[in-house]
Structures are given as C-alpha cells and as structure tokens.
Amino acid sequence: MTPKTRSPIWHPFTQHALHDEMTRVVRGDGAYLHTADGRRIVDSISSWWVVTHGHCHPHIVSAIQNQAGKLNQIIFAGYTHDPAEEVAALLLKVAPPGLDYVFFSDSGSASVEVALKMALGYWHNIGKQRIRLVVMQHSYHGDTVGAMSVGARGVFNAAYGSLLFDVTSIPFPTRGHEQATLDALESACRNEIPAAFIVEPLILGVGGMLMYPAWVLREMKRICEASDVLFIADEVMTGWGRTGTLFACEQANVTPDIACYSKGLTGGALPLAVTLCRADIFDAHYSKDRTRTFFHSSSYTANPVACAAAKANLDLWQDPESRQRVASVATMQEQAIEPFRADPRFANVRRTGTITALDLKTKDAGYLAGVGPKLQAFFKDRNLLLRPLGNTIYVMPPYCVTGADLDEIYVGIRDAADALA
Ligand SMILES: *Cc1c(COP(=O)(O)O)cnc(C)c1O
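The model shown is predicted, which means the values in this text are computed figures rather than measured ones. (Residues numbered from 1 in each chain as written. Predicted model: local features only at pLDDT ≥ 70, side-chain atom pairs only at ≥ 80, totals over all residues. Heavy atoms only, no water.)

**A look at the overall build of the chain**
Turning to step 1, where the next piece is worked out: A tally of helices and strands in the chain yields twelve helices and 16 strands.
Turning to step 2, where the next piece is worked out: Against the globule reference of 22 Å for 421 residues, the chain gives a C-alpha radius of gyration of 21 Å, in line with a compact fold.
Turning to step 3, where the next piece is worked out: Dimensions of the chain, computed from the C-alpha atoms along their principal axes, are close to 65 × 55 × 50 Å.
Turning to step 4, where the next piece is worked out: Counting the 421 residues in the chain, one finds 50% classified as buried. (Helix = DSSP H or I, 4+ residues; strand = E, 2+ residues; numbered from the N terminus. Rg over C-alpha atoms; globule rule 2.2 N^0.38 Å. Buried < 20%, exposed > 50% of the residue type's maximum accessible area, 1.4 Å probe, protein only.)

Spelled out as structure tokens, the structure:
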C-alpha cells in the first residue's frame, strides 16, 4: 500500500517502499546544493558524476541563456548549427589524436548504443561476418537494452535477462592477475573473431570504483589491434578530468577506434553525449547506396542549447586553470585518503586522479549490502551527498571543492565507520 499523499514521481534507482522521502533542492552553486528546508549539502559525488566545474558555473550559465533565445532546437538531419560545429571541432582537438568524426546523442547509454551500432555497421558494410562483442567483468555501460547487454549481469538487469544478447566476458584485471585478463582477451580475439571490445578505461564506476593501471589498458588496445578488433572506450564517467587527465585513454597513450563521452561534456549542466570514431568507420557508411546510411537518431540530437553548454565547457578546459584545479583536487584527495590506508575498518583504499574509493569491511558486501542505505542516511544527516555502492564509499567531487569541504567529507566517513561498526 502506498500513502495517498505521495508524489506521483517514480525516481530512478529508488526503492520507494524503503526510501520515499526525497530531498528537495532549490539551488546549486559550486560544490553546494541548497535545500528547500535551508540546508547546505556538499555535493561529494558531483550529482551522479556529471558536475565538473561546479553547479551553475557562470560561463556555462550565460552560454545557455544566450543560446536559448537564439535557436533552441532544430532537426539535425540535413541541418546544422554553430554550437554543434564548434563543439565537434574543439572535441577533435582535445580527444586522442586519430579520432575524426563526432556523432551526437543525449545520454551516456545512447552514446554506447551508437558505439555498438557503429562497430556492427562497420563490419556489416565492409562485408565481414563479425558480430560478437567482448566485455570486461563488472562493467557498466548504461541502462538501455544494448548497454545492459554489454554490462555486468546481476540484480540491475535480472528481470530483463531474456532481452539481453550474449557476449564474451573477460575477467577484471585485479592486482597481480592482470595477465589472466590479457590472456582471456587474446584468446577471445583469436578464437571468436569479435567485432569489438568495449571497456571503461582505468576505472569501472558502477561496478564499484574498481581501478586498474594504464599499462593494462595499453596492452588491451595492442591485443585488439593485432586482431583488428575495434576498441571502444566508454569514457562516459572517466572523461573530463576525473582520472587526472582530460580523458583516461591519454594515460595509456591509446587512441580508441570509438570513444563515448557524456556526463561532464556540458560541465554537468544539460544532457548531451557524443560518440567519436575513426575515419574508417565513417567511411564504411559513406556511399551513394542509401542502405549503408548510419540509421540512428534521437529527436534532440545535438540540441543547440546543450551544445552551447558543451562549447562553454570546452572553453573552460582551454584555460590552464581547469587542469590545475584537477591536479590540486587529486593532491588534496590523496592527502585526505592517506590516513584510511592504516585504518583496519577499511579495505582497498584507492585513488585514481580526482576519485577516491574505500570499502567498509562488512559481513555482507555488494551493491545490496545492508550497510549501503545506512551509510547513505548517515551522510544525509551530515549534509553530505554521498551514495555508496554497497559497502564501497567513494568521493568524486566537482573541481571547485575546497580543502575544508573535503575535511567535512572525510570526517563524515570516519564518523560513519565509528557509528556503524
Ligand atoms: C553513467 C554511465 C553510462 C550511462 O550514462 P547515462 O547518461 O546515465 O545514460 C555509461 N557508461 C558509463 C561508464 C557510465 O558511468
């Protein structure tokens, strides 16, 4: 039975029977959220990993305002506009060299669907029978059916298993067992002649902030290349400075054949995504034969206002100040996490770039661990927006976060361990 007075809104990833009280937010500025009841919350996870330079960054806000009064939507087949052209040109300047084309969509999941369709379309159009996809254990690529198919199977998609297509999964490269991952990829590439391998570079986000080193990424690319298997980098989460460089692939000196960017693409202000690809993939679709068209679109493809926000975000990244902020957040995060390495209540204390994560030792681990909601409630009382993945607590702040904010966050984490031990 549901109470009669409740809101008609069905929230994402929310079990309303256990959690029916939503925090009403009226304003965001920088690293803070202001609630209807007058509280100030430190946004310690960048509002689900999207906000990079801070909430309501003035440069992005004014770009949105200007564009909204000029042209706020236009069909993107047969038509184009300055904000999209500018974003595409700037993206190709900052993305790994060798990516040549930009396809717009409106969410990370959609950018992954586009990537998979590009890869399959490529092989189809050049007349080769390659349809199988290789994925990494514990991966997450989104919640649409294709994206779920290449992601980890589990509680998130158990009900929809019959919709998902079969893939080949290689083990996550845990420390000391990296070779097993590389061997599995090599064998999959040789024996199954797959179309593509899709992977989150350096950090598996939803899978529990699982981190692996750049040399493994580099080796995985080399193995794919040797067998002509397309390499798809899903940088939806890792892009825009999170791992310390603008894109995670930079650290491995890897140019993927296809790359997906979203979340921080507009600085977290509006929904937008892109899928970048090499020229050969575009060329395989380029023909006077209309059956070779890339058949994908969404109504709001390359929405001009969202593109203006992305252009403003790209402007901000031209300023060395943005990269300095990333470096200083990485340093502050390392200092903050360091004491936890000796704390016996935590395991796997880790950091890549601006992201830290640590596992609270509990009897039940995993996403549905009972401790997850308890931690979340504890942090909410402390006016901290943290949303642990089961017993894994992680901190992924916007880059305007201060040392004092981080102190508040980590004192909160220590106190949570005290309270829940
Ligand atoms: C969030 C995420 C997605 C899905 O993006 P949405 O915008 O939520 O659809 C895909 N891949 C990765 C790695 C993500 O973190």
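**Observations concerning the pattern of salt bridges**
Turning to step 1, where the next piece is worked out: In total, this model carries 16 salt bridges according to the counting rule given.
Turning to step 2, where the next piece is worked out: Notably, a salt bridge pairs Asp166 with Arg132, separated by 3.4 Å at the nearest N-O pair. Of the two residues, Asp166 is situated in the loop between α5 (145-149) and β6 (168-170) and Arg132 in the loop between α4 (108-125) and β5 (133-136); the sequence distance between them amounts to 34 residues.
Turning to step 3, where the next piece is worked out: Note that Arg341 is salt-bridged to Glu334, the shortest N-O span being 2.6 Å. (Salt bridge = Lys/Arg side-chain N within 4 Å of Asp/Glu carboxyl O.)

**Examining the side chain of Ser111**
Turning to step 1, where the next piece is worked out: Relative to the elements of secondary structure, Ser111 occurs in helix α4.
Turning to step 2, where the next piece is worked out: Ser111 sits in the buried class, given a relative accessible area of 0%.
Turning to step 3, where the next piece is worked out: Those residues within four positions of Ser111 in sequence are excluded, and the remaining contacts are Ser105, Val236, Cys260, Ala273, Val274 and Thr275. (Contact = heavy atoms within 4.5 Å.)

**Details of the sheet that holds strand β11 (residues 258-261)**
Turning to step 1, where the next piece is worked out: As summarised here, the arrangement of the seven strands in space is β4-β12-β11-β10-β7-β5-β6, forming an open sheet in which the pairing is mixed. Strand pairing shows two members of the sheet lacking a second neighbour, β4 (101-105) and β6, which therefore form its edges. The mean inter-strand angle of the sheet, taken between neighbouring strand axes irrespective of direction, is 20°.
Turning to step 2, where the next piece is worked out: Sheet analysis places β4 next to strand β12 (residues 273-277), joined by five bridges and oriented antiparallel. The partner of Val102 across the bridge, within β12, is Leu276. (Pairing = 2+ DSSP bridges. Axes fitted to C-alpha atoms, helices over the stretch in contact; angles between N-to-C directions.)

**Overview of unusual backbone geometry**
Turning to step 1, where the next piece is worked out: Phi angles above zero are rare outside glycine, and Ser46 is one such case at about 55°.
Turning to step 2, where the next piece is worked out: Within the secondary structure, Ser46 is located in helix α1 (residues 46-49).
Turning to step 3, where the next piece is worked out: Given the relative accessible area of 0%, Ser46 is considered buried.
Turning to step 4, where the next piece is worked out: Even without a glycine there, the phi angle at His138 is positive, about 70°.
Turning to step 5, where the next piece is worked out: Residue position: His138 is located in the loop between β5 and α5.

**Concerning a nonpolar patch on the surface**
Turning to step 1, where the next piece is worked out: A cluster of nonpolar residues, Tyr101, Phe282 and Tyr286, forms a patch on the protein surface that exposes about 320 Å² of accessible area.
Turning to step 2, where the next piece is worked out: With respect to the secondary-structure elements, Tyr101 resides in strand β4. (Patch = residues over 30% accessible without salt bridge, like charges linked within 9 Å, V, L, I, M, F, W, Y side chains within 5 Å. Areas by Shrake-Rupley, 256 points an atom, 1.4 Å probe, with all protein chains shown as cover.)

**Describing the domain arrangement of the chain**
Turning to step 1, where the next piece is worked out: The domains assigned to the chain are domain 1 (60-317) and domain 2 (320-419).
Turning to step 2, where the next piece is worked out: Contact with domain 1, which involves 17 residues of that partner, is made by 18 residues of domain 2.
Turning to step 3, where the next piece is worked out: Of the roughly 1600 Å² buried between domain 1 and domain 2 on both sides combined, carbon and sulfur atoms contribute 66%.
Turning to step 4, where the next piece is worked out: Our count for the contact surface shared by domain 1 and domain 2 stands at zero salt bridges.
Turning to step 5, where the next piece is worked out: Along the contact surface separating domain 1 from domain 2 lie seven residue pairs in polar contact (both at pLDDT 80 or more). (Domains from an automatic or database assignment. Buried area = accessible area lost by both parts, 1.4 Å probe. Polar contact = N/O pair within 3.5 Å; in protein donor to acceptor, adjacent residues only side chain to side chain.)

**Topic: the site of the ligand**
Turning to step 1, where the next piece is worked out: Inspection of the region around the ligand gives Trp49, Ser107, Gly108, Ser109, Tyr140, His141, Gly142, Glu200, Asp234, Val236, Met237 and Lys263 as its neighbouring residues.
Turning to step 2, where the next piece is worked out: A distance of 2.8 Å is found between an oxygen atom of the ligand and a backbone nitrogen or oxygen belonging to Gly108.
Turning to step 3, where the next piece is worked out: Between the ligand and Lys263 there is a distance of 2.7 Å, counted from an oxygen atom to a side-chain nitrogen or oxygen.
Turning to step 4, where the next piece is worked out: In the complex, 83% of the free accessible area of the ligand, which totals 380 Å², lies under the protein chains.
Turning to step 5, where the next piece is worked out: Class assignment of the residues belonging to the shell around the ligand gives a composition of four nonpolar, five polar and three charged. (Near = heavy atom within 4 Å. Nonpolar A, V, L, I, M, F, W, Y, C, P; charged D, E, K, R; others polar.)

**Re the sheet that holds strand β2 (residues 32-35)**
Turning to step 1, where the next piece is worked out: Reading across the sheet, the four strands line up as β1-β2-β3-β15 and stay open at both edges, with mixed pairing between neighbours. Because the sheet does not close on itself, it has two edges, and the strands there are β1 (25-29) and β15 (384-385).
Turning to step 2, where the next piece is worked out: The strands touched by helix α12 (residues 403-420) within the sheet are β2, β3 (40-43) and β15, with β3 carrying the most contacts at an inclination of about 90°.

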